[in-house]
Amino acid sequence: MPTTNEIAVRRFYEALATGDTTLVDEALATGWEAVPAMRTGPGPDGWKKSIDHLRGVFSGLTVTIEHVVESGDMVAVRSVGRGVHAGELLGVEGTGREVEFRASDFHQVIGGRIVRTWHLEDYFGIAHQLGLEFTRGA
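The numbering scheme is per chain: residues are counted from 1 as the chain's sequence reads. For a predicted model such as this one, the threshold for reporting local features is a pLDDT of at least 70, and the threshold for listing and counting side-chain atom pairs is 80 or more; totals across whole chains, interfaces and linings nevertheless cover every residue. Side-chain numbers here rest on the full set of heavy atoms in the structure, without hydrogens or water.

For the rest of this paragraph, the subject is the overall build of the protein. Runs of E in the DSSP output that reach at least two residues are strands. Runs of H or I that reach at least four are helices, and both are numbered from the N terminus. Assigned secondary structure in the protein consists of four helices and five strands. Written out in order from the N terminus, the α and β elements of the protein read α-α-β-α-β-β-β-β-α. As a reference, a globule follows 2.2 Å times the number of residues to the power 0.38, and the radius of gyration itself is taken over C-alpha atoms. Taken over the C-alpha trace, the protein has a radius of gyration of 15 Å; the compact-globule value for 138 residues is 14 Å, and the two agree within 12%. Dimensions of the protein along its principal axes, counting C-alpha atoms only, are 50 × 35 × 30 Å. What makes two residues a contact is simply this: any of their non-hydrogen atoms within 4.5 Å. Expressed as a percentage of contacts within the protein between residues at least 6 apart in sequence, the contacts between residues at least 24 apart total 54%. When the accessible surface of the protein is split by element, carbon and sulfur atoms take 54% of a total near 7,800 Å². Every accessible area reported is derived by Shrake-Rupley at a probe size of 1.4 Å, with residue values counting cover from the shown protein chains alone.

Below, the discussion takes up the confidence of the model for the protein. Of the residues in the protein, 99% have a pLDDT of 70 or more, and the chain-wide mean is 94. For every residue, the predictor assigns a confidence score, pLDDT, that lies between 0 and 100. Least confident of the elements in the protein is helix H4 (residues 123-129), whose mean pLDDT is 90; most confident is strand S3 (residues 74-85), at 98.

Ring pairs shown here join Phe, Tyr and Trp side chains whose ring centres sit within 6.5 Å, with only the six-membered ring taken for Trp; geometry is labelled stacked below 30 degrees between planes, edge-to-face above 60, and tilted in between. In the structure shown here, the tally under the stated rule is five aromatic pairs. Ring centres of Phe12 and Trp47 lie 4.4 Å apart, and the angle between their planes is 0°; on these two criteria the pair is classed as stacked. Within this pair, whereas Phe12 is found in helix H1 (residues 4-18), its partner Trp47 is found in helix H3 (residues 43-57), the two being separated by 35 residues in sequence. Both residues of the pair, Phe12 and Trp47, belong to the buried class. Grouped by ring-pair contacts, the aromatic residues Phe12, Tyr13, Trp32 and Trp47 constitute a single cluster. Buried residues are those whose accessible area, probed at 1.4 Å on protein chains only, stays under 20% of the maximum for their type, while exposed residues exceed 50% and partly exposed ones sit between those limits.

Within the element layout of this structure, His85 appears in strand S3. Of the polar contacts made by the side chain of His85, one reaches the backbone oxygen of Val92; its length is 3.4 Å. Excluding anything up to four places from it in sequence, His85 contacts Val57, Phe58, Val92, Glu93, Gly94, Thr95, Gly96, Arg97, Val99 and Leu130. Pairs of N or O atoms within 3.5 Å make up the polar contacts considered here, provided that, within protein, one atom can donate a hydrogen while the other can accept it, and that residues adjacent in sequence are counted only when both atoms are side-chain atoms.

The next subject is the pairing of strand S2 (residues 58-71). For two strands to pair, DSSP has to find at least two bridges joining them. Note that S2 and S3 share 11 bridges and pair antiparallel. Across the sheet, Val68 pairs through a bridge with Val77, a residue of S3. Linking two consecutive strands that pair antiparallel, namely S2 and S3, is a turn of two residues; a positive phi of about 60° is found at Gly72 within it.

Moving on: the pattern of salt bridges. For this analysis, a salt bridge means a side-chain nitrogen from Lys or Arg found within 4 Å of a carboxyl oxygen belonging to Asp or Glu. Here the structure, examined in full by the defined rule, presents eight salt bridges. Across the pair Arg78 and Glu66 runs a salt bridge whose closest N-O atoms are separated by 2.6 Å. One end of the pair, Arg78, is in strand S3; the other, Glu66, is in strand S2, with 12 residues separating them in the sequence. In this structure Glu66 comes out as partly exposed when scored by relative accessible area, which is 28%. Linked by salt bridges that have partners in common, Glu66, Arg78, Arg82, Glu100 and Arg102 make up one network.

The subject of this paragraph is the nonpolar core. Residues grouped as a nonpolar core are buried Ala, Val, Leu, Ile, Met, Phe, Trp, Tyr and Cys residues, joined through side-chain atoms within 4.5 Å. Judged by nonpolar contacts, the single largest core of 29 residues is most densely connected at Val9, Phe12, Leu28, Trp32, Trp47, Phe58 and Ile114. Among the secondary structure elements, those contributing two or more residues to this core are H1, helix H2 (22-27), strand S1 (28-35), H3, S2, S3 and strand S4 (98-110). Top element by residues in this core is H1. It accounts for six residues.

Moving on, we come to the sheet that holds S1. The sheet built from five strands is open, its strands ordered S1-S5-S4-S3-S2 with mixed pairing. Both edges of this open sheet fall to S1 and S2, since each of them pairs with a single strand only. Between one strand axis and the next, the sheet turns by 25° as a mean value, whatever way the strands run. Where S3 meets S4, 11 bridges bridge the pair, whose relative direction is antiparallel. Paired with Val77 across the strands is Asp105, a residue of S4. Here H1 sits on the sheet and contacts S1, S2, S3, S4 and strand S5 (113-121); the angle it forms with S2, its principal contact strand, is near 165°. Here an axis means a line fitted to C-alpha atoms, over the contact stretch when the element is a helix, while the angle between two N-to-C directions is reported on a 0 to 180 degree scale. Across the sheet, H3 is in contact with S1, S2 and S3; its angle to S2 comes to roughly 130°.

Right, dumping it as structure tokens:
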């Protein structure tokens, strides 16, 4: 049986997976902080904008939660997103390639709402799938 904290965290990912941004208001506290800060702006409105952006970049976006670990007010999640690269990302216009991206997040949940999220995403893996080449400098 999921705890109140886990339910809030699962709503966070469900909003991304479905595009239903009304779930954001159920999952996040009004002063929610993302670490690092998002380019789309702070708080729940910033996450809603990120959801809209990511769903435009990746058509057919799915999000699978692979692991959830809870300790006190912290909920750790390992997830994988999949979709077709349809919009600009990392300076690369849509390629039509299927892309898989992994993320690890630590969510602090107080009073049934996420107040802070620390996010780490495999941008190198995404860049490689988009065809970006990295060379070692001299």
